[in-house]
Structure formats: C-alpha cells, structure tokens
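One-letter residues, chain by chain:
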Amino acid sequence: MVRTVDRQSSAIQFGLDITDEQRQFMYVAQFVFGLVQSDESREQHSELIIALGEKALPFVGRSESPRFRQQVQMLVGDRYLARNDAENAWKYFLSAAFNGDPEMDAFVRYDLGRVYEALGRNRRAYANYDRAISTGLPPSLNETAQTALERLKLRLDPDDELLQEDSEDG
C-alpha cells in the first residue's frame, strides 16, 4: 500500500513539473505553510512537512521569494526535533541561522537553544536561549526560554563565564 505522504508528494510533484522554475520553491512552500496553521495540524502532518520542505529547498536558488527559505528550514527542523532526530533538526536550524532575516533572529536562536539542549550541548543551548531572549521573543516563548535557562544553569559549572555575564547584566 502506498503511504499517504508518498501519494501527496507525488501529486505535488506533478504540479511542480509544470511550474516555472522561478516559482517552484514557492509552489511547494505554500503547501508546507498550509500544513502548519495550528499545532494540531503541525503534529498530524509532520512527515509531510518534512517531505515537502525537503522537496522545496533545492529550488530556492532560482526562487522569486528566497526570503521564505529560512521559514521552511525552521519548520523542517522543528518537525525533525519533534521526531527526536536532533541531528537532522540541527542541520536545518543552523542553515536557517545563515539565512539572516533580522526579524527572525530571536526565533532562530530559540530553536538552536532547543536543539543544542536536545543534543546535550548545554553551553551552546544556554548561549542561544540567552541571545533569543535579549533579541526579543514573544512573551510565551520568552517564558519558555527563561525556564530553559534556569534548567541549564544547573548543568553548567557555577564559574562558567556565561553565568558570570548574566549576573553582571542583572
């Protein structure tokens, strides 16, 4: 039996094959964005988000709208992290960090904090959460990042310079 993800991906491939090169990235990305309208939809369609996101990204070089690359990379990374595949998530989050929309920096840093924490890289996690907070996260994510800093503080050496910088700022 053919998986639903494979059938949907094949249907999108058909449309992709008849779409102008400059529009191929956005053609696929629009499907990805449509799947993440709610947390429930995001969870339900994780496999499809990954498949379509990975299908879209090779076309971004010819895109009329490359600014959406970072959002697609972050969505794919988020879905890999939800599958407990921190290595693949890290690759996408790190790539998103190099596609610098300054308005997205806080979100990228927050996601890097999440993935570094999952990888057990506590110093990097702490530094990225701290940077996300200082760059300006929305209140709900700011609270989550603050909680993560408190959790990570217990895993760092009390003399760590990251902790010293925070105490000097406060």
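Residues numbered from 1 in each chain as written. Predicted model: local features only at pLDDT ≥ 70, side-chain atom pairs only at ≥ 80, totals over all residues. Heavy atoms only, no water.

Trainee: Sorry, what's going on with the overall build of the protein chain here?
Mentor: From N to C terminus, the protein chain includes 10 helices and zero strands. With the C-alpha coordinates aligned to their principal axes, the bounding extent of the protein chain is approximately 60 × 35 × 25 Å. Going through the 170 residues of the protein chain one by one, you find that 43% of them count as buried. Considering only intrachain contacts with a sequence separation of at least 6, the fraction spanning at least 24 residues in the protein chain is 57%. (Helix = DSSP H or I, 4+ residues; strand = E, 2+ residues; numbered from the N terminus. Buried < 20%, exposed > 50% of the residue type's maximum accessible area, 1.4 Å probe, protein only. Contact = heavy atoms within 4.5 Å.)

Trainee: Which parts of the structure should I look at to understand the environment of A106?
Mentor: Note that A106 resides in helix α7 (residues 105–118). Distance from A106 to G136, taken between C-alpha atoms, is 6.0 Å for residues 30 residues apart in sequence. In this view, A106 contacts A132, T135, G136 and L137; residues no more than four positions away in its chain are not counted.

Trainee: Help me out: how do you make sense of unusual backbone geometry in this one?
Mentor: Most peptide bonds adopt trans geometry, and most residues besides glycine take a negative phi value. One non-glycine residue, N84, adopts positive backbone phi at about 60°. In this structure N84 comes out as exposed when scored by relative accessible area, which is 72%.

Trainee: Would you take a moment to explain the pattern of salt bridges for this structure?
Mentor: Where charged atoms from two side chains of opposite charge come close, those side chains can pair. Using the criterion set out here, one finds 15 salt bridges in the structure. Of the charged contacts, one joins D20 and R23 as a salt bridge, the two residues approaching to 3.0 Å between their closest N and O atoms. Ionic contacts of the salt-bridge type, sharing partners, join the residues E43, D78, R79, D111 and R114 into one network. (Salt bridge = Lys/Arg side-chain N within 4 Å of Asp/Glu carboxyl O.)

Trainee: Got a minute to help me understand the nonpolar core in this structure?
Mentor: Side chains that are nonpolar tend, in soluble globular proteins, to be buried together. Core analysis: the biggest nonpolar cluster contains 51 residues, and F25 and Y129 have the highest contact counts within it. Those residues in contact with F25 that lie beyond four places of it in its chain are A56, L57, F59, V60, S63, S65, F68, R69 and V72. (Core = buried A, V, L, I, M, F, W, Y, C linked by side-chain atoms within 4.5 Å.)

Trainee: Where do I start with the confidence of the model for the protein chain in this structure?
Mentor: Detailed reading of predicted coordinates is not advised where the pLDDT is low. For the protein chain, mean pLDDT is 91; residues scoring 70 or higher make up 95% of the total. The least confident element of the protein chain, judged by mean pLDDT, is helix α10 (residues 161–169) at 72; the most confident is α7 at 97. (pLDDT = per-residue confidence, 0-100.)

Trainee: Mind showing me how you'd approach the packing of helix α5 (residues 69–82) against helix α6 (residues 86–97) here?
Mentor: Describing two packed helices takes the angle between their axes plus the distance from one axis to the other. Where α5 contacts α6, the two axes come as close as 8 Å, and the packing angle between them is 165°. Here α5 lies roughly antiparallel to α6, going by the angle between them. Between α5 and α6 lies a crossing of left-handed hand. Along the contact surface, α5 presents Q70, Q73, M74, V76, G77, D78, Y80 and L81, while α6 presents A86, N88, A89, Y92, F93, S95 and A96. In terms of residue class, the contact of α5 with α6 is made up of nine nonpolar, five polar and one charged. (Axes fitted to C-alpha atoms, helices over the stretch in contact; angles between N-to-C directions. Parallel < 35°, antiparallel > 145°, perpendicular 65-115°, else oblique. Left-handed = near helix turned anticlockwise from the far one by under 90°. Nonpolar A, V, L, I, M, F, W, Y, C, P; charged D, E, K, R; others polar.)

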